[in-house]
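Listed below are the residues making up each chain.
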Amino acid sequence: MCGIVGYVGTRETIPILLDGLERLEYRGYDSAGIACIDPAEKNIRLFKAKGKIADLKSILNGFKSPARIGIGHTRWATHGVPSTINAHPHLGAKGRIAVVHNGIVENYRELKSELERKGIQFKSETDTEVIAQLIEYYDRGNLSKAVRRAAMRFEGYLAFVALSRDEPNYLVALKRSNPLVIGIGKGEHFVASDVSAILPYTKQVIYLDDEELVEVRAKEIQITNLKSQKKVTKKPCTIKWSIDQAQKGGYPDFMLKEIYEQPHVLQEILRKRISKSHQIEFDTLGQEASRHLKSAKKICFVSCGTAYHAGMVGQYMFEEFAHLSATAIVASEFRYSDPILGKGDLVILITQSGETADTLAALREAKEKGAFTLAVVNVVGSTIAREADAVVYTHAGSEIGVASTKAYTAQLMTLALLAFYTGKLRGKISRADFRRLILEAKEIPNQVKKTLEYAKGVNQVAKLLYQKRNFLYLGRGYNFPSALEGSLKLKEITYAHAHGYAAGEMKHGPIALIDDTQPVICLIPESKTYVKMLSNIEEIRAREGIVIAIATYGDRNIGRLSSHVVHIPSQREVFSPILTAIPLQILAYQIAVLNSRDVDKPRNLAKSVTVE
Ligand code: M6R
């Protein structure tokens, strides 16, 4: 949550900060600000605005500053409402120190009271102001020392960057659980919470690890361990993806672009994972992870939001193909449920960003309990990817739209391949079946292309339904998680209420909702439960509900029961959630557009949720 960017070098700083913030806006966008030091004035200049980076830009109104050092922030509120006062950067009471911060200072109340007792007055409701005030309180002309002393007192997951009016030649940053990366330029350095902020300027980066403090000067950086103060030497790595990958490519929104990228993404995953001899290969998995997949007695998928729905599908996949007892649980529940885990158990964390605080906490909990942890992650080099015992990347490319689309189907394909791989390791899939599965998997990118074609009809459905405020999504088996995912997609970008349900549970309560005004999105691809699902749809029709069916092309029963049918191609059930996801994404997208919603940046959300 929240985006941080910092610069020190020889270039005009404000445009670099604004540019970086624009690319970080997906991390939070309720307010933004920058602080820089004008060498002539020797003062920290602060610009803040409620709203998006565009609002900050209009306050700056093209202002030119000779500053060559500065920090910037785009916020997703945790403590205090979105407002100019609560926007970062925050200053110490004397205006000597400025700070931008990501995460939460859990003991901020105690620290705030302590400082207030010393006569220090606070302006904002934020926990971040405590960081600035405490650093300023400790600062006796050495920012680095003051940051080190203050940082020892903060509890919680955080990352921050500080700037001092009295030492306008360097920034000091600290990483504790929340990500921070240093960009290396020629005679200039950058700090950011995400590499995309600094990619146009440099591809050479150093990822900080927890409890590392870094002094960032134009010509050098110095990393030390927070407590021991020992110097840490790290080699820069080169980022291979270009900033173009993060552009909209002619689509009106990132979300639509990302929906249409799915055939390509899936094709790439299969190209990377399936060898010429039709074997599944996971380059980063390692032997130890394979051993665990082979011998595990139980497996637990832990994740949040859309990634949790992928975990639920993973549960079905591993049960069917690896004959392995599997459960899926949301990370925030797993964390505090004191899970019964130990050596020999396998915990698979699924996450697009690799930075989700609940998933990270769950990973650490699982490791502490002795389980083997395997992360299925999209963002290469992210914290969860680095901390897990093993990692498998989903290779979806950078996903900017807050609503997850291609990252989800990439997770589903990766999990399917992992389930087939595990099934083979455990001797549960014959050679012939394995080969058939691989050949069918290879058909999926084309089937997704076809599904995108079929989904053109969703337009009609969106026009029919866009003013409705209540939706029900039903599915069974592999497509029960799809119903949850479809309803999540609709909620997050249209702000309409939507509920996903296991279709068989309908008669136990939700059926009371059905009348001739209630839209029900029914997922009924070919499957073991097809006939059961058909009966559920009959029950809805009998009560005059508006049935929108997502069904296999050629289904002869469904037309007479539905107001609209959206087709998907015929496929094996295990792959069906990849295909049903497509019309569900497009339906949510089109209803959002018809309601003039900001599809890429829905209200109250952020792409990467780095607070618990
Ligand atoms: O980065 P992660 O996959 O760990 O994120 C998990 C959820 O926050 C995320 O899937 C969220 O639910 C999306 N906005 C859904 O579209």
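The notes below deal with the structure included here. The structure presented is a predicted model; accordingly, all values stated were derived computationally and were not measured.

About the criteria used
Residue numbers run consecutively from 1 along every chain, following the written order of its sequence. Totals for whole chains, interfaces and linings use every residue, but because this is a predicted model, local features are given only for residues with pLDDT of at least 70 and side-chain atom pairs only at 80 or more, for both listing and counting. Side-chain measures here rest on the full set of heavy atoms in the structure, leaving out hydrogens and waters. Strand pairing follows a simple DSSP-based rule, namely that at least 2 bridges must link the two strands. Under the DSSP-based scheme used, a helix requires at least four consecutive residues in state H or I and a strand at least two consecutive residues in state E, with every element numbered from the N terminus. Every residue pair with non-hydrogen atoms within 4.5 Å of one another is taken to be in contact. A fitted line through C-alpha atoms serves as each axis, taken over the contacting stretch for helices, and the angle formed by two N-to-C directions is quoted from 0 to 180°. Definition used in this section: a nonpolar core is a set of buried Ala, Val, Leu, Ile, Met, Phe, Trp, Tyr and Cys residues joined via side-chain atoms within 4.5 Å. In this scheme, a residue with accessible area under 20% of its type's maximum is buried, one over 50% is exposed, and one in between is partly exposed, where area comes from a 1.4 Å probe on protein chains only. Boundaries between domains were set according to an automatic or database domain assignment. In what follows, salt bridge is the name for a side-chain nitrogen of Lys or Arg lying within 4 Å of a carboxyl oxygen of Asp or Glu. Contacts described as polar in this section are N or O atom pairs within 3.5 Å, which, within protein, must combine one atom able to donate a hydrogen with one able to accept it, while residues neighboring in sequence count only if both atoms come from side chains. Pairing of aromatic side chains requires ring centres within 6.5 Å, counting the rings of Phe and Tyr and the six-membered ring of Trp. Pairs whose planes differ by under 30 degrees are stacked, by over 60 edge-to-face, and all others tilted. Working rule: Lys NZ or Arg CZ, within 6 Å of ring centre, within 35 degrees of ring normal, means a charge sits over the ring.

In this section: the sheet that holds strand β10 (residues 189-192). Taking strand neighbours across the sheet as the criterion, the 8 strands line up as β3-β2-β4-β1-β10-β9-β11-β15 in an open arrangement whose pairing is antiparallel. One side of each edge strand has no neighbouring strand; the edge strands of this open sheet are β3 (43-50) and β15 (237-238). Across the sheet, helix α1 (residues 13-24) touches β1 (3-8), β2 (31-38), β3, β4 (69-75) and β10, and the angle it forms with β1 is around 155°. Against the sheet, helix α2 (residues 53-60) makes contact with β2, β3 and β4, and its axis sits at roughly 130° relative to β3, the strand it touches most.

As a further point, take the nonpolar core. Phe318, Ile348 and Phe420 are the most contacted members of the largest nonpolar core, which totals 92 residues. Counting residues domain by domain, this core receives three or more from each of domain 2 (255-442) and domain 3 (449-599). When sequence neighbours within four positions are dropped, the list of residues in contact with Ile348 reads Ile299, Cys300, Phe301, Val302, Phe318, Leu374, Val376 and Leu418. Ile131, Tyr138, Ala151 and Leu226 belong to the second largest nonpolar core, which has 28 residues in total.

Here the structure, examined in full by the defined rule, presents 35 salt bridges. Measuring nitrogen to oxygen at the nearest pair gives 2.7 Å for the salt bridge that ties Glu261 to Lys406. One end of the pair, Glu261, is in the loop between α6 (254-260) and α7 (262-273); the other, Lys406, is in helix α13 (residues 406-425), and 145 residues separate them in sequence. By relative accessible area, Lys406 is classed as buried at 3%.

By the element assignment, Thr13 lies in helix α1. Polar contacts involving the side chain of Thr13 include one to the main-chain amide nitrogen of Arg68, which spans 3.4 Å.

Right, let's get into the packing of aromatic side chains. According to the stated counting rule, one finds 12 aromatic pairs in the structure shown. Judged by centre distance (5.9 Å) and plane angle (20°), the rings of Tyr251 and Tyr260 are stacked. Tyr260 sits in the partly exposed class, given a relative accessible area of 32%. Geometrically, the ring pair formed by Tyr454 and Tyr553 is stacked, given 5.3 Å between the ring centres and 5° between the ring planes. Here the residue Tyr454 occupies a position in helix α14 (residues 431-454), and Tyr553 occupies one in the loop between β24 (546-552) and β25 (564-568), the gap between them amounting to 99 residues. Joined through ring pairs, the aromatic side chains of Tyr7, Phe190 and Tyr201 make up one cluster. Against the face of Tyr170 rests Arg217, its NZ or CZ located 4.2 Å from the ring centre. The ring centre of Tyr157 lies 5.4 Å from the NZ or CZ of Arg364, which sits over that ring.

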